[in-house]
Amino acid sequence: MSSVRYAVFGHPVSHSLSPRIHAAFARQTGVSLAYTAIDAAPHEFVGALDRFVGEGGKGANVTLPLKEAAFAICARTSERARRAGAVNTLSWNDGQWHGDNTDGAGLVRDLTGRNGLDLRGRRALMLGAGGAARGVAPALLDAGVSELIVVNRTPERADALIDAMGEPERALSRYWQDLGEIGDFGLIVNATSAARGGGEDFDLPFTLTTPRTLAVDLNYGEAAIPFLAWARAAGCRDAVDGLGMLVEQAAEAFEAWHGARPDSDAVYAALRGKDALLVTAD
Ligand SMILES: NC(=O)c1ccc[n+]([C@@H]2O[C@H](COP(=O)([O-])OP(=O)(O)OC[C@H]3O[C@@H](n4cnc5c(N)ncnc54)[C@H](OP(=O)(O)O)[C@@H]3O)[C@@H](O)[C@H]2O)c1
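Residues numbered from 1 in each chain as written. Predicted model: local features only at pLDDT ≥ 70, side-chain atom pairs only at ≥ 80, totals over all residues. Heavy atoms only, no water.

### As for empty space enclosed by the protein
Over the atoms rolls a probe the size of a water molecule, and in doing so it shows where empty space is left. Following the criterion strictly, the structure yields one cavity of 30 Å³ or more and no others. If you go around the largest cavity, the residues you meet are Asn190, Thr192, Ala194, Ala195, Asp201, Phe202, Asp217, Pro226 and Phe227. Per-class residue counts for the lining of the largest cavity are five nonpolar, two polar and two charged. (1 Å grid on protein atoms, 1.4 Å probe; cavity = no way out; pocket = protein on both sides within 12 Å on 5 of 7 lines; lining within 4 Å. Points joined across faces, edges and corners; volume = space filled by probe spheres on them. Nonpolar A, V, L, I, M, F, W, Y, C, P; charged D, E, K, R; others polar.)

### As for the layout of surface pockets
By volume, the largest pocket amounts to about 990 Å³. Elements supplying a minimum of two residues to the lining of the largest pocket: strand S3 (57-62), helix H3 (67-72), helix H6 (131-142), helix H7 (155-165) and helix H9 (243-258). Residues lining the lining of the largest pocket come from more than one domain, with at least three contributed by each of domain 1 (4-101 + 244-274) and domain 2 (117-241). (Helix = DSSP H or I, 4+ residues; strand = E, 2+ residues; numbered from the N terminus. Domains from an automatic or database assignment.)

### Observations regarding the packing of H6 against H7
In contact at an axis separation of 11 Å, H6 and H7 are set at 35 degrees when each is read in the N-to-C sense. As H6 packs across H7, the resulting crossing turns out to be right-handed. Contacts between H6 and H7 involve Gly131, Ala133, Arg134, Ala137, Pro138 and Leu141 on the former and, on the latter, Arg157, Ala160, Leu161, Ala164 and Met165. Taken together, the residues of the contact of H6 with H7 sort by class into eight nonpolar, one polar and two charged. (Axes fitted to C-alpha atoms, helices over the stretch in contact; angles between N-to-C directions. Left-handed = near helix turned anticlockwise from the far one by under 90°. Contact = heavy atoms within 4.5 Å.)

### A closer look at the nonpolar core
In terms of nonpolar packing, the biggest core is built from 31 residues, with Met126, Leu140, Leu148, Leu161 and Leu187 touching the most fellow members. Mapped by element, the contributors of at least two residues to this core are helix H5 (103-114), strand S7 (123-127), H6, strand S8 (147-151), H7, strand S10 (187-190) and strand S11 (214-217). Not counting the four nearest positions on each side in its chain, Leu140 is found in contact with Leu107, Leu119, Val145, Leu148, Leu187 and Val189. In terms of nonpolar packing, the next biggest core, distinct from the first, is built from 22 residues, Val8, Tyr220, Trp257 and Leu271 among them. (Core = buried A, V, L, I, M, F, W, Y, C linked by side-chain atoms within 4.5 Å. Buried < 20%, exposed > 50% of the residue type's maximum accessible area, 1.4 Å probe, protein only.)

### Focus on the packing of aromatic side chains
Using the criterion set out here, one finds seven aromatic pairs in the structure. Look at Phe9 and Phe45: their rings are 5.9 Å apart centre to centre, the planes differ by 70 degrees, and that puts the pair in the edge-to-face class. Separated by 36 residues along the polypeptide, Phe9 in strand S1 (residues 4-10) and Phe45 in helix H2 (residues 45-54) bring together distant segments of the chain. Ring-pair connections join several aromatic residues into one group, and the members of that group are Phe9, Phe45 and Phe52. (Phe/Tyr/Trp six-rings, centres within 6.5 Å; stacked < 30°, edge-to-face > 60°.)

### A look at the sheet that holds strand S4 (residues 76-77)
Backbone-to-backbone hydrogen bonds join strands into a sheet, with any given pair of strands oriented parallel or antiparallel. With mixed pairing, the six strands of this open sheet are ordered in space as S2-S1-S3-S5-S6-S4. The open sheet is flanked by strand S2 (33-39) and S4, the only strands paired with a single partner. Pairing of S1 with S3, which is carried by five bridges, proceeds in the parallel orientation. Residue Val8 lies in a different strand from S3, and its bridge partner there is Asn61. H2 rests against S1, S2, S3, strand S5 (89-93) and strand S6 (96-100) of the sheet, and its axis sits at about 170 degrees to S1. In the packing of H9 onto the sheet, the strands contacted are S1, S2, S3 and S5, and the crossing angle to S3 comes to about 165 degrees. (Pairing = 2+ DSSP bridges.)

### A closer look at unusual backbone geometry
Going from His11 to Pro12, the amide bond is cis rather than trans, its omega being 5 degrees. Along the chain, Pro12 turns up in the loop between S1 and helix H1 (18-29). Backbone geometry places Asp94, a non-glycine residue, at a positive phi of 50 degrees. Looking at where Asp94 falls in the secondary structure, it is placed in the loop between S5 and S6.

### Thoughts on the pairing of S8
Of all five residues in S8, five are buried, a share of seventy percent or more. Burial of S8 is two-sided: the residues Glu147, Ile149 and Val151 facing one way and the residues Leu148 and Val150 facing the other way are all buried. In this sheet, S8 lies alongside S7 in parallel orientation, the contact comprising five bridges. Opposite Met126, over in S8, you have Val150 as the bridge partner. Handedness of the S7-H6-S8 crossover: right-handed. (Right-handed = clockwise from strand over helix to strand, strands pointing away.)

### Some remarks on the domain arrangement of the chain
Assigned domains within the chain: domain 1 (4-101 + 244-274) and domain 2 (117-241). Domain 1 and domain 2 are separated by 25 Å when their C-alpha centres are compared. Between domain 1 and domain 2, the contact holds 14 residues from the first and 17 residues from the second. Between domain 1 and domain 2 the total buried area reaches about 1,200 Å² when both faces are included, carbon and sulfur atoms providing 48% of it. If you sort the residues of domain 1 by the area they bury against domain 2, Glu68, Arg83 and Met245 come out on top, with a joint share of 46%. Here domain 1 is connected to domain 2 by four salt bridges. Applying the counting criterion to the domain 1 and domain 2 interface returns four residue pairs in polar contact (both at pLDDT 80 or more). Sorting the residues of the side of domain 1 that touches domain 2 by element identifies H3, helix H4 (79-84) and H9 as the ones contributing at least two each. The element best represented in the side of domain 1 that touches domain 2 is H9, accounting for three residues. Of the residues in the side of domain 1 that touches domain 2, the class split is seven nonpolar, three polar and four charged. (Buried area = accessible area lost by both parts, 1.4 Å probe. Salt bridge = Lys/Arg side-chain N within 4 Å of Asp/Glu carboxyl O. Polar contact = N/O pair within 3.5 Å; in protein donor to acceptor, adjacent residues only side chain to side chain.)

Put into structure tokens, the structure is as follows:
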């Protein structure tokens, strides 16, 4: 069987785990593929995708900061990608890009399946309104959270995300400076990249939590340490990082491309065991 090309595009992307995850899925399922990481700044993205297709590219994952740009170049999109306004999985079909977003399904599968947590009826707070938050927000609403409040450093992006959800009764934006006055939450999701690369951190009030709060960081490895440490210090019952979501969103993409469902638990266990402290995030 000849190899066809797949890749993850991002900026930066060199330390992405996606090539390892997709290679492991391919070994499990007997699929032959070449999957690489391609660094493309936003202004280089369209040109890099064109070259990739010219070299036999059939599918791509897209990570920060390119998910909203990926949505814009698609001729067709899945319903969940349209709700998100962001694409993390591209498939080249009939000379066109088809876009999907597997981030939200990946997160919910990790939380409810792997971690056995029930999201229904939880009041949810999401920090961040970038490409990952856009994928996760509709999936949390579908999973039955009672309310979703989105807070972002740049408030206009939180407003745009909430407008896209179209559920003004249940999904609302608030200002970051009001975090001390918006009550407590059963679910708090950190969908920011604030802690990546040793960047500046942010302070969160403990009043956001209760002893039953589930705190989720979409980051993993070193980038998840500050938020999960805050959650433990606040007394949150559960604190989950983004490694399981990463593996699950990859499994969804792999199945869409190759028609075979990989054993994501085996790959998750191998990554968790091998790298007690993963140093990069996707
Ligand atoms: N586990 C997984 O499978 C998975 C999947 C996707 C993403 N992720 C992780 O999720 C994070 C977000 O990814 P993304 O694709 O959404 O990135 P993105 O589109 O670049 O968005 C970044 C978000 O972080 C916020 N932010 C950045 N620095 C901040 C700071 N110092 N203080 C407060 N907010 C800050 C941004 O706010 P502004 O709008 O104000 O700039 C924006 O909301 C990344 O770290 C990524 O690694 C994990």
